[in-house]
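What follows is the residue order along each chain.
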Amino acid sequence: MKEQRPEMTLEAVYHHYCENNPRVTSDHTVQLVRLGVTHFNDFLKRGGTLADLTPENLKAYKHHREMMGRAARTIERELCKLSTLWRWAAEHGWIEAPRHSFRKIPPPTPTAWTRKELLALFKEATAYSVMIGGMPAGVVMVTRLRMLYETGERITATDKLLWSEVDLEGRWVTFKGENRKGGGTAKDNVQRFSRAMRRCLLDLKAEYVKRQRYADGVRVFPEVDRTTMYYHMKRILSLAGLPTTRSCSFHKLRRTHATHLYVAGGDPTWSLGHESDQMTRGYYLDPKFMRSNFLSDLLVGNFAVRLFRRAYRRLKVILGLW
């Protein structure tokens, strides 16, 4: 049995976790763990150690963050990251494993963009006239947004997408497992994209060729800071007359992908790479689109009216008017 090390600092555990855990592949994940440690140290008013990871301290930290006015979901995420470091240290024998659990906050109701809202978003993204990473923002942003919508991938995976992983002729794109959530344990995600998406990619490729930056090993989207991308996304949402809250940013396109695919008769669970329908339904499908799940839509009116309503809903799906 390994010797316990309660005096080991949380900073040291954080660095060991990020450097030796093969599942940690996202810079965003590293940042979240780092913030959890930083805020906990601020609460202690000193550098925390493994001995400070106790249920009593975490409960007091939770109350402290609530008094500061932090959102419940933000506090839950911070506690989750601290518990993750605690379990990591326990696996290495540095401390006893945690015997507590925090009550999970129910997930918010998923929301998706309508087709009309999507068209407004793509239109404003195309007309966006600034530069991002030395490239025209209009070309970059509309291609990025369409890619997120049509493939349902997370923004972190598109960040690392290479031109060699895009088949412009066959209209296929392959997101490597090591670049997706889960790192080395994730499977490759192969998705087909539309002709409209192909035209966007061709326009973006032409900009790379024009600037002599194109090569198979070059990333499809220019490398810029994540906060910069969110800033431009918020600007585009505002110009399109759409909500600019945090829940309406890039990840909403993944929920929109899942919802629209479900409405059209596809399998969003497979497309998103989830292991169960429960995750897809709980976090990604907008209930406002699930018309056949409401009794009022199925039983109100006589048989002919119900039959007409079902045919009308199906026609709207076929024409993309939902």
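Placed above this text is the structure.
Residues numbered from 1 in each chain as written. Predicted model: local features only at pLDDT ≥ 70, side-chain atom pairs only at ≥ 80, totals over all residues. Heavy atoms only, no water.

**Q** I'm lost on helix α2 (residues 27–44) in this one. Help?
**A** Working note: α-helix, 3.6 residues per turn, so residues spaced by three or four point in the same direction. Taking 1.5 Å of rise per residue, 18 residues should cover 26 Å, and α2 covers 26 Å from first to last C-alpha, within 8% of that figure. Inspection of α2 places L32, V33, G36, V37, F40, N41, F43 and L44 among the buried residues, and these make up the whole buried set. Looking at the buried residues of α2, the elements they touch are α1 (10–20), α3 (55–67) and α4 (72–91). Following α2 by one or two positions, K45 has its phi on the positive side, about 65°. (Helix = DSSP H or I, 4+ residues; strand = E, 2+ residues; numbered from the N terminus. Expected span 1.5 Å × (residues − 1). Buried < 20%, exposed > 50% of the residue type's maximum accessible area, 1.4 Å probe, protein only. Contact = heavy atoms within 4.5 Å.)

**Q** Please clarify how the nonpolar core should be interpreted in this entry.
**A** Across soluble globular proteins, nonpolar side chains have a tendency to be buried as a group. Ranked by size, the top nonpolar core spans 41 residues in total, and within it L121 and L201 carry the most contacts. Sorting the residues of this core by element identifies α5 (115–127), α6 (137–151), α7 (155–159), β4 (172–175), α8 (195–210) and α9 (226–239) as the ones contributing at least two each. Of the residues forming this core, the biggest block, eight residues, is contributed by α6. Apart from residues lying up to four places away in sequence, L121 is in contact with W113, L145, M233, I236, L237, A240, L242 and L253. The next biggest cluster of nonpolar side chains, apart from the first, holds 26 residues, and it includes V13, V33, L50 and W88. (Core = buried A, V, L, I, M, F, W, Y, C linked by side-chain atoms within 4.5 Å.)

**Q** Explain the pattern of salt bridges here, please?
**A** Any two side chains of opposite charge can pair, on the condition that their charged atoms come close. Counting across every chain of the model gives 13 salt bridges. We note a salt bridge from R34 to E11, for which the minimum N-O separation is 2.5 Å. Residue R34 is located in helix α2, and its partner E11 is located in helix α1; the two are separated by 23 residues in the primary sequence. What makes R34 partly exposed here is its relative accessible area of 32%. Shared partners join several salt bridges into a network, and the residues in it are R144, D159 and R226. (Salt bridge = Lys/Arg side-chain N within 4 Å of Asp/Glu carboxyl O.)

**Q** Is there a simple way to think about the side chain of E150 in this case?
**A** Residue position: E150 is located in helix α6. Exposure remark for E150: the relative accessible area of 15% places this residue in the buried category. A distance of 2.6 Å separates a polar atom in the side chain of E150 from a polar atom in the side chain of S194. Among all residues touching E150, those that are not within four sequence positions of it are Q191, R192, F193, S194, M197 and H257. (Polar contact = N/O pair within 3.5 Å; in protein donor to acceptor, adjacent residues only side chain to side chain.)

**Q** Is there a simple way to explain the environment of A125 in this structure?
**A** Its location among the elements puts A125 in helix α5. Residues A125 and M233, spaced 108 residues apart in sequence, show a C-alpha to C-alpha distance of 8.5 Å. Those residues within four positions of A125 in sequence are excluded, and the remaining contacts are A137, G138, M141, V142, L145 and I236.

**Q** I'm lost on α9 in this one. Help?
**A** Taking 1.5 Å of rise per residue, 14 residues should cover 20 Å, and α9 covers 20 Å from first to last C-alpha, within 8% of that figure. In this fold, the buried residues of α9 make contact with α5, β1 (131–132) and α6. G241 sits one or two residues past α9 and shows a positive phi near 75°.

**Q** Sorry, what's going on with the pairing of β4 here?
**A** Every regular strand shows the same layout, with side chains that alternate between the two sheet faces. Taken together, the two bridges between strand β3 (residues 166–167) and β4 define a ladder with antiparallel strand orientation. Bridge pairing links D167 to W172 in β4. Counting the residues between successive antiparallel strands, the hairpin from β3 to β4 contains four residues, one of them, R171, with a positive phi of roughly 65°. Across four bridges, β4 lies against strand β5 (residues 189–192) in antiparallel orientation. By the bridge assignment for β5, T174 is matched with V190. (Pairing = 2+ DSSP bridges.)

**Q** Whenever I open this one, the sheet that holds β3 confuses me. Can you help?
**A** Backbone hydrogen bonds hold the strands of a sheet together, and the pairing may be parallel or antiparallel. The sheet built from three strands is open, its strands ordered β3-β4-β5 with antiparallel pairing. Across the chains shown, the open sheet's two edge strands, defined by having one partner strand only, are β3 and β5.

**Q** Would you mind showing me how to read the packing of aromatic side chains here?
**A** Where two aromatic rings form a pair, the distance of their centres and the angle of their planes describe that pair. Considering all chains together, one arrives at eight aromatic pairs under this definition. Arranged with centres 6.0 Å apart and planes meeting at 35°, the rings of F40 and F43 form a pair that is tilted. In this pair, F40 and F43 both sit in helix α2, three residues apart, roughly one turn of the helix. By the burial criterion, F40 is buried, and F43 matches it. Between the aromatic rings of Y230 and F250, the centroid separation amounts to 5.2 Å while the plane-to-plane angle is 80°, which identifies the pairing as edge-to-face. Note that Y230 is positioned in helix α9 and F250 in the loop between α9 and α10 (251–263), a separation of 20 residues in sequence. Aromatic rings pair up to connect F40, F43 and Y61 into one cluster. When the ring centre of F221 is taken as origin, the NZ or CZ atom of R144, which lies over that ring, is 4.5 Å away. Sitting above the plane of the W113 ring, K252 keeps its charged end 3.7 Å from the centroid. (Phe/Tyr/Trp six-rings, centres within 6.5 Å; stacked < 30°, edge-to-face > 60°. Lys NZ or Arg CZ within 6 Å of the ring centre and 35° of its normal.)

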